[in-house]
Amino acid sequence: MKLVFWTLQVFLLREMSPTQQEVLPGSCTFDRSTCGYTSQAPHDNWNINQQGHLITVESLGGRQKAVLVSPVLDQHHWTCVRMVYQILGQGSLQFHLRPQGAHFDSTLWSSNQSSDSWLIASVDLPNNTVHYQIVLEGQAGSASSDSVSIFEVHIVPGYCLECDFEEHHLCGYSNTWNPNINWYVGGTLSPDPQTNLFEDVTQSQRTGHYMYADSLYAKHFQEVAKLASPMTTAPMSGCLTFLHHRDQEDGNMFTLFTRDQLGHYEEVWRPDVYVTPGWTLVNVDIKAPQPLQLVFEVAFNTASGGYVSIDDITFSPDFCYTDTEEPVDPSIADCDFEQGMCSYYQEKAGRQAWSQVSVSANAYRGGDHTTGTGGMLLANTRFSSMPGYVGRLHGPFLPGRHKYCLSFYYLLHGFRKADNALALYIYDEDNVAQDKVWSLAETSKDVWMQVEITYMKPMVTKMVFVSICSNFWECGLLAIDDITVRLGDCRIAKGSLPGQCTFESGLCGFIQDTTHDQADWLRLRGHTPTSYTGPRGDHTTGVGYFMYIEASHMRHGNKARLLTSDLRGSSAPHCLVFYYHMFGSGTGTLRVLLRQEDTERDTPLWRRHGEQSVSWMKAMVDYTCHLRHQIVFEAIRGPSLRSDIAIDDVRFQSGPCEDSDDITSSSGSSEDFNEV
């Protein structure tokens, strides 16, 4: 086994300064003991190295997965987990959080980065009210030299952005290497004779440490040194505080940026004056709805450009300044049109083109996107004698200087020409259009299509949906539904919730039943091959993936069964939510079954038989199970080829299902089939 661990770097990771932070339960150095961490069956074991000091999963000729579970932890305040790890060759390592009573683990961090040295992962664990466990899942590659190792798990109170640089791991802060200038650890028994750097302020003595960048070896104009924090793993906003000391001879530029996962920089602070005597305290308000990292950047003009040093980075959830705007809640612009038009309105002048409508389940016209039988907003209902129309739908005002991610769904039916069918504008407070951010370019019909738009304006703005029909006979029906707005960039994935699967990236752990059925569920994108059955597109985006049975590959009465991975039992109720599509004159049966540990017979939870609708329909199923179990989706082929059945957007959520007349639900009783 090739491991690079007897290095000075590794030993230094465990040498702590006199101001060592409080170490919380769940921390472990794996030095001859696992500190209560256990390997979870039926997966492979994590093994302590013979010399101690680390725990490893190695390849045994195939891709081996091992799951390491911490003791139950009871820490309700914000904590930071720093994990020292190494992946040799091919492999991966994932960090999950397992709240007590939950069926699924939340994935907070993952990596497949191979390295010949030890790396540091930093994971923020926000405030919580329940006990939890840390779950570390390692998977080595197939080569004999592949391995995944963990050297230390270090849990401390506070935020992962915070650092006093007294510990040798530097809290996960990293320097971007430059041949001439870099950030270094400062603080020795005597001042640096070349830089005259001041003593550390954390301990008010010369044995403390700080970070500094020096211009001594700068060779080019505006050479840059960058020091980056770990990437945050949880939304946070509040006051960032740090100390800096700056010497200015011939010029340097010191700036603090934030950098998101797309690599976009935003300047958040720079000093007001060039030189201040001694250490200077800085307060900066930070708003981070999405993952970001801090980047301290110094640019030197010449080799005599002085130095910059920083120390004692802290974070508080309270803003530094009272005039800082509180975090914006963009959900005021959300609407699924189930109970009306929410905060949206039409212009009073002229004829109003938008109407809130609902369509019952049928085999001819699609229903709404939310449930299949709920409300949506429709332009041009064909119930008026208007020769044409211009319909403007105004949304609520949202504050400026924020980046918003807007998502909505639209559907076209019967359009001969889609030009000007739908466009989205951004208006200011004076009702003046500032920007046209999107217009309809596709003509996909009878499929709910998702649109995602990122925009940011300096002023207060609102969204305005505009639909134009110049000739009644050229226009069909246009519908919009499920408008949502969140802070951040749409290109940065929001992250799937635990127990949620859209099938966009695979099967999410679902497996085919190889013993109790005669066919498999298939993963497909687009329209199913047989006409007059199956969906035209998926429910998630309209152009994504879903799971379905292909009736032409099966005989009448054949079954296809798709199983979830093993789920943990819980005394609390849970709600299974999914969308199903059953369209076709020969449609058979779709059942949801509960398969409990150590039982031979599956318990029916929900059932539908025959053609239901041309739309995706929402189902919600309440159930409770104390034992380990699986959920089974069983599709039975009907009497003809027009018997395709599909499912999409499966998710599990805690608590009983919401009560809605528009949703096909089941109480969870084996007798309650609620067959249509």
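Residues numbered from 1 in each chain as written. Predicted model: local features only at pLDDT ≥ 70, side-chain atom pairs only at ≥ 80, totals over all residues. Heavy atoms only, no water.

Draft legend 1. Region of interest: the overall build of the protein chain. Counting its secondary structure elements, the protein chain contains 1 helix and 42 strands. Here the protein chain holds 676 residues, and 53% of them are scored as buried. The contacts in the protein chain between residues at least 6 apart in sequence include a share of 80% that link residues at least 24 apart. As presented, the protein chain carries roughly 30,500 Å² of accessible surface, and 49% of it is formed by carbon and sulfur atoms. (Helix = DSSP H or I, 4+ residues; strand = E, 2+ residues; numbered from the N terminus. Buried < 20%, exposed > 50% of the residue type's maximum accessible area, 1.4 Å probe, protein only. Contact = heavy atoms within 4.5 Å. Areas by Shrake-Rupley, 256 points an atom, 1.4 Å probe, with all protein chains shown as cover.)

Draft legend 2. The arrangement of the nonpolar core in detail. By size, the foremost hydrophobic cluster in this structure holds 37 residues, and its most contacted members are F408, Y410, L422, W438, M463, F465 and I480. Put simply, the parts of the chain that give this core at least two residues each are β23 (375-379), β24 (389-394), β25 (402-413), β26 (423-428), β28 (449-457), β29 (461-469) and β30 (477-487). For L422, the contacting residues outside a window of four places in its chain are W354, F408, Y410, W438, S439, L440, F465, V466, L478 and I480. The next biggest cluster of nonpolar side chains, apart from the first, holds 35 residues, and it includes A218, A234, I286 and F296. (Core = buried A, V, L, I, M, F, W, Y, C linked by side-chain atoms within 4.5 Å.)

Draft legend 3. Layout of the environment of F165. Residue placement: F165 occurs in the loop between β10 (147-157) and β11 (174-176). For the pair F165 and I310, spaced 145 residues apart in sequence, the C-alpha to C-alpha distance is 9.4 Å. Dropping the residues within four chain positions of it, F165 is found in contact with L170, Y173, H209, Y210, M211, L227, I310, D311 and I313.

Draft legend 4. Highlighting the side chain of T533. Checked against the element boundaries, T533 lands in the loop between β33 (522-525) and β34 (545-549). Within the local environment of T533, its side chain forms a polar contact with the backbone nitrogen of D644, the two atoms lying 3.1 Å apart. The contacts of T533, once residues within four sequence positions are left out, are H527, T528, F583, G584, L641, R642, S643 and D644. (Polar contact = N/O pair within 3.5 Å; in protein donor to acceptor, adjacent residues only side chain to side chain.)

Draft legend 5. Molecular detail of the pattern of salt bridges. Summed over the entire model, instances satisfying the criterion amount to 15 salt bridges. One salt-bridge network, in which partners are shared between bridges, spans D513, K559, R561, R591, R595, D602 and E634. (Salt bridge = Lys/Arg side-chain N within 4 Å of Asp/Glu carboxyl O.)

Draft legend 6. Region of interest: the packing of aromatic side chains. This structure, assessed with the given rule, holds 27 aromatic pairs. Pairing Y404 with Y455 gives two aromatic rings, centres 5.6 Å apart and planes at 40°, and the pair type is tilted. Within this pair, whereas Y404 is found in strand β25, its partner Y455 is found in strand β28, the two being separated by 51 residues in sequence. Residue classification places Y455 among the buried residues on the basis of a relative accessible area of 5%. In textbook terms, an aromatic cluster arises when at least three aromatic residues are bridged by ring pairs, as seen for F503, F510, F578, Y580, W606 and F633. The ring of Y545 is capped by R523, whose NZ or CZ atom sits 3.8 Å from the centre of that ring. (Phe/Tyr/Trp six-rings, centres within 6.5 Å; stacked < 30°, edge-to-face > 60°. Lys NZ or Arg CZ within 6 Å of the ring centre and 35° of its normal.)

Draft legend 7. Summary view of the sheet that holds strand β37 (residues 589-596). The strand order β32-β35-β40-β37-β38 describes an open sheet built from 5 strands, whose pairing is antiparallel. Two strands bound the open sheet, and with one partner strand each, they are β32 (511-512) and β38 (603-609). Note that β37 and strand β40 (residues 629-636) share 8 bridges and pair antiparallel. Counted as the bridge partner of L594 is I631 from β40. (Pairing = 2+ DSSP bridges.)

Draft legend 8. Looking closely at the environment of T302. Mapped onto the fold, T302 is located in the loop between β19 (292-300) and β20 (307-316). Expressed as a C-alpha distance, the spacing of T302 and K219, which sit 83 residues apart in the sequence, is 6.8 Å. At 3.1 Å, the side chain of T302 and the side chain of S304 are in polar contact.

Draft legend 9. Main features of the sheet that holds strand β15 (residues 236-247). The sheet built from 5 strands is open, its strands ordered β12-β13-β20-β15-β18 with antiparallel pairing. A strand with exactly one partner marks an edge of an open sheet, and here the two such strands are β12 (183-186) and β18 (280-288). Ignoring which end each strand starts from, the neighbouring axes of this sheet average 35° apart. When β12 meets strand β13 (residues 210-214), the two strands line up antiparallel, connected through 4 bridges. Of the residues in β13, the one forming a bridge with G186 is Y210. (Axes fitted to C-alpha atoms, helices over the stretch in contact; angles between N-to-C directions.)

Draft legend 10. Structural context of the side chain of R595. Inspection of the secondary structure assignment puts R595 in strand β37. There is a polar contact of 3.2 Å between the side chain of R595 and the side chain of D602.

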